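Letter by letter, the chains look like this.
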Amino acid sequence: MNGIVLMLVAAVVLACGYLLYGRWLSNKWGVDAKALTPARRMEDGNSFSPASAFTVFSHQFSSICGAGPVTGTIVAMAFGWLPVVLWVLVGGIFFGAVHDFGALYASMKNNGKSLAQLIEKYIGKTGRRLFLIFSWLFCIIVIAAFTDMVCKTFMFTPAVDASGAATGAIDFTKSYAAGCAGTISILFTFVAIAFGWAQKKFNLTGAAEFVTGVVLMVLMFAVGMQFPVYLDKFQWFAVVMVYLVFAGAMPIQMLKTPRDYLTSIMMIVMIVCAVLGIVVLGVNGQATITAPVFTGFSTASGMMFPVLFVSVACGALSGFHSLVSSGTSSKQVEKEQDAVKVGYGAMIVESFVGILAIIVAGIMFSDMNTAGTGALNAGVASTPFQIFAAGIARGMKAFGVDSTVATVFMTMCVSALALTSLDAVARIGRMSFQELFSVDDMEHAEGWRKLLCNVYFSTFITLVFGFILTKIGYANIWPLFGSANQLLSALVLATLCVFLKVTGRSNKMLFPPLIIMLCVTFTALVQRLIAMVKAISTAASVTIPAGETTWGAVFIANGLQLILAVLLIVLGLNIVVHSFKAYQKAEQNSEVKA
């Protein structure tokens, strides 16, 4: 299969999905161009801050398009590229984009309420508390998975001698791209703050805003190329965690909003480079997808149902997106008609990124893959990030970009994908933790409650638990992340069903994705739970030689996952039951349309 053909077909299908189904949904749900949005009606200069359609789209897209559409799609290619492509296209148009747009629209119609607040209104207070616990657990899983991937991307490569033994030194040649990307990522924080200040100080908009952003990023890239930072994985853990403390606690317009704008420009450039690279490689006869089309319904990872559908979350359907849609984006949309561009449109573009990842990995398959059997692997398994970055860098080299510059640029881009999601989820996790313990009259609340709701303390607690989970490693966390993510999407769809029913809007299009995802996620979680129990039982039955810590490692890798799986199943079942009861009690058109 030629990569160019697949890319064109996917682009046409996704564009038609947005223009036809997205607009149909907008009309069906009654999007009103004249309605006053929460961002305008409740503007406070902090959480509620009206912004242009592109600015809010940038925030939504850069927040949701993290590591997921790259990692999930490449991991799921164990089943072959065709099943993954079909799920990304069908899931993106009829599942994910509907879910994201629905969460954004429901929040906007309820004064920018968060998802937890929507659940309290439509499901009940118990449902809200259960959801907040679920949401917080989900956030620490995401923090663990993405932090582990980012730090592995930035860490230096140790030098080895002729026998392959580590010498204790750094292999500067192999570590250069990662070191440069690390420097750029550190600079990115300060550049984003400076850009945000300039936006406000000089009232930058349109072309002036765009050009300023591009100039700052070019300077940042040039400095990073000259001064690479070489740190090991655990040193990068410390750097990322310090960044997340401030990113999760600072006002959104100070760091996150300007960073998202800059990241979106970077990602647009990355997408353009990927498309051009695939085209040039295709013209040169080098864009053939060498990965297998279909390998079977079962692999070492398990059965296609449910593994495929939980592995590919971002890119097809992701519950995490609803937290962004209702948590931050709904408070920034200036005009109601922009909701479909932000909610539905951002998901469609993310699906296209997922398709590009599949094509790039398919082309690179014979040279570099996650199994470590490719010519460029040197017997070491590669992360999906590394495969994606190396593949697009090869395409950029084909149309004349220096290979070193291309590699550094792509390493920077893929790490930015994860970091933008990380700072979003750190903020959402902190807010979920605060909401769990907050009361209406916080001024006269108990001392312990004030402490738990403190911005920095709640951020710190969230990150500590996320850091503990990084000990498992992203490869072990990813199946649990996928299951929790898709269960979250099902819970959101259930809430949206109630919202649409009581406001007299059509909700029939939500039933198929809701039922399918409930079946997928509970099956995946139960399978994961059984696998963890077996792994622990097997380890416990083996005699451990004196001085070894095999049992401790097994407990960390499997015991924590087992505990989380049980918690997620119990919480998920409780919320589903409460949602079903609430839906039965809800009366059609009982709430005046907002």
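Figured I'd write up the structure that's included with this text. Counting from 1, residues in each chain are numbered in the order their sequence is written. This being a predicted model, a pLDDT of at least 70 is required before a residue's local features are given, and a value of 80 or more before pairs of side-chain atoms are given or counted; all residues contribute to the totals for chains, interfaces and linings. With hydrogens and water set aside, each side-chain value is computed from the structure's full complement of heavy atoms.

### Observations concerning the overall build of the protein chain
Put simply, the test is: We count a stretch as a helix when DSSP gives it H or I for four or more residues in a row; a strand needs E for two or more, and each element gets its number in order from the N terminus. Taken over C-alpha atoms, the radius of gyration is set against a globule rule of 2.2 Å times the number of residues to the power 0.38. Burial here depends on accessible area, computed with a 1.4 Å probe over protein chains only, as a share of the maximum for the residue type. Under 20% is buried, over 50% is exposed, and the range in between is partly exposed. For this analysis, residues touch if any pair of their heavy atoms sits within 4.5 Å. Only the protein chains shown count as cover for residues, and the accessible areas themselves come from Shrake-Rupley with a 1.4 Å probe.
Assigned secondary structure in the protein chain consists of 21 helices and four strands. Relative to its length of 594 residues, the protein chain is compact, with a C-alpha radius of gyration of 23 Å against a globular reference of 25 Å. Along the first, second and third principal axes, the C-alpha set of the protein chain runs to 75 × 65 × 50 Å. By the burial criterion, 58% of the 594 residues in the protein chain qualify as buried. If you take every contact in the protein chain between residues at least 6 apart in sequence, the share linking residues at least 24 apart comes to 84%. If you sum the accessible surface of the protein chain, you get close to 22,900 Å²; carbon and sulfur atoms cover 67% of it.

### Quick word on the nonpolar core
For the record, the criterion: The criterion is simple. A nonpolar core is a set of buried Ala, Val, Leu, Ile, Met, Phe, Trp, Tyr and Cys residues joined through side-chain atoms within 4.5 Å.
One finds Tyr344, Phe388 and Met410 to be the most contacted residues of the largest nonpolar core, which totals 194 residues. Looking at this core, the element that brings in the most residues is helix α7 (residues 125–154), giving 19 residues. With residues up to four places along the chain from it excluded, the contact list for Tyr344 reads Gly17, Tyr18, Tyr21, Gly22, Leu25, Ile93, Ala97, Val98, Phe101 and Ala339.

### So, the packing of helix α8 (residues 172–201) against helix α9 (residues 206–226)
Rules: Axis definition: a line fitted to C-alpha atoms, over the contacting stretch in the case of helices. Angles run 0 to 180 degrees between N-to-C directions. An angle below 35 degrees is read as roughly parallel, one above 145 as roughly antiparallel, one from 65 to 115 as roughly perpendicular, and any other as oblique. Helix crossings are classified by the rotation of the near helix relative to the far one: an anticlockwise turn of less than a right angle makes the crossing left-handed, while a clockwise turn makes it right-handed.
Where α8 contacts α9, the axes come no closer than 8 Å and their chain directions differ by 150 degrees. As judged from the angle between their axes, α8 and α9 are roughly antiparallel. Crossing of α8 over α9 shows right-handed handedness. Residues Tyr176, Cys180, Thr183, Ile184, Leu187, Phe188, Val191, Phe195 and Gln199 of α8 lie in contact with α9, whose contacting residues are Glu209, Thr212, Gly213, Leu216, Met220, Phe221, Val223, Gly224 and Met225.

### A word on the packing of aromatic side chains
Formally: Put simply, two rings from Phe, Tyr or Trp (the six-membered ring, in Trp's case) pair if the centres are within 6.5 Å, and we call them stacked under 30 degrees between planes, edge-to-face over 60, tilted for the rest.
Under the counting rule described, the total for this entry stands at 26 aromatic pairs. Here the aromatic rings of Trp136 and Phe433 are separated by 5.6 Å at their centres, their planes lie at 45 degrees, and the arrangement is tilted. Remark: Phe433 occurs in helix α16 (residues 403–437) and Trp136 occurs in helix α7; sequence separation between them is 297 residues. Just as Trp136 is buried, Phe433 falls in that class too.

### So, the side chain of Asp100
Filter applied, for reference: Asp and Glu are treated as the negative residues and Lys and Arg as the positive ones, with His and the ends of the chain left uncounted. The term salt bridge refers to a side-chain nitrogen of Lys or Arg lying within 4 Å of a carboxyl oxygen of Asp or Glu.
Following the sequence through the fold, Asp100 ends up in helix α5 (residues 81–108). Lys256 is the oppositely charged side chain nearest to the buried, salt-bridge-free Asp100, at an N-O distance of 14 Å. Contact partners of Asp100, with chain neighbours within four places excluded, come to Ile64, Ser318, His321, Ser325, Gly343 and Met347.

### Some remarks on α16
Put simply, the rule reads: Each helix should span, by expectation, one fewer than its residue count multiplied by 1.5 Å. Definition of a polar contact: a pair of N or O atoms within 3.5 Å, with one able to donate and the other able to accept a hydrogen when the atoms are protein atoms, and with sequence-neighbouring residues admitted only if both atoms are side-chain atoms.
In this model, α16 (35 residues) spans 51 Å end to end at C-alpha, consistent with the 51 Å of a helix rising 1.5 Å per residue. Where burial is concerned, most of α16 is hidden: 29 out of the 35 residues are buried. Its side-chain oxygen placed 3.0 Å from the backbone nitrogen of Thr404, Asp402 serves as the N-cap of α16.

### Regarding the state of the cysteines
For clarity, the threshold we go by: Working definition: a disulfide is two cysteine sulfur atoms within 2.5 Å of each other.
Tallied over the full model, the rule gives zero disulfides. The structure places no disulfide on Cys519, whose sulfur is separated from the nearest cysteine sulfur, that of Cys497, by 14 Å. The class for Cys519 is partly exposed, based on a relative accessible area of 40%.

### Things to note about the pattern of salt bridges
In the structure shown here, the tally under the stated rule is 12 salt bridges. Here Glu336 makes a salt bridge to Lys109, at a shortest N to O gap of 2.9 Å. Linking Glu336 in the loop between α13 (320–327) and α14 (338–364) with Lys109 in the loop between α5 and α6 (115–122), this pair joins segments that are 227 residues apart in sequence. Classification of Glu336 as buried rests on a relative accessible area of 3%.

### So, the environment of Lys201
One can find Lys201 in helix α8. For Lys201 and Leu560, which are 359 residues apart along the polypeptide, the C-alpha to C-alpha distance reads 48 Å.

### Describing the packing of helix α11 (residues 256–283) against α14
The line we're drawing: Residue polarity follows a fixed list, in which Ala, Val, Leu, Ile, Met, Phe, Trp, Tyr, Cys and Pro are nonpolar, Asp, Glu, Lys and Arg are charged, and the others, Gly among them, are polar.
In the contact formed by α11 and α14, the axes pass within 11 Å of each other and the chain directions differ by 40 degrees. Taken together, the axes of α11 and α14 lie oblique to each other. By crossing handedness, the relation of α11 to α14 is classed as left-handed. For the pair α11 and α14, the contacting residues are Ile271, Ala274, Val275 and Ile278 in the first and Val349, Phe352, Val353, Leu356, Ile359 and Val360 in the second. Residue composition of the contact of α11 with α14, grouped by class: 10 nonpolar, no polar and no charged.

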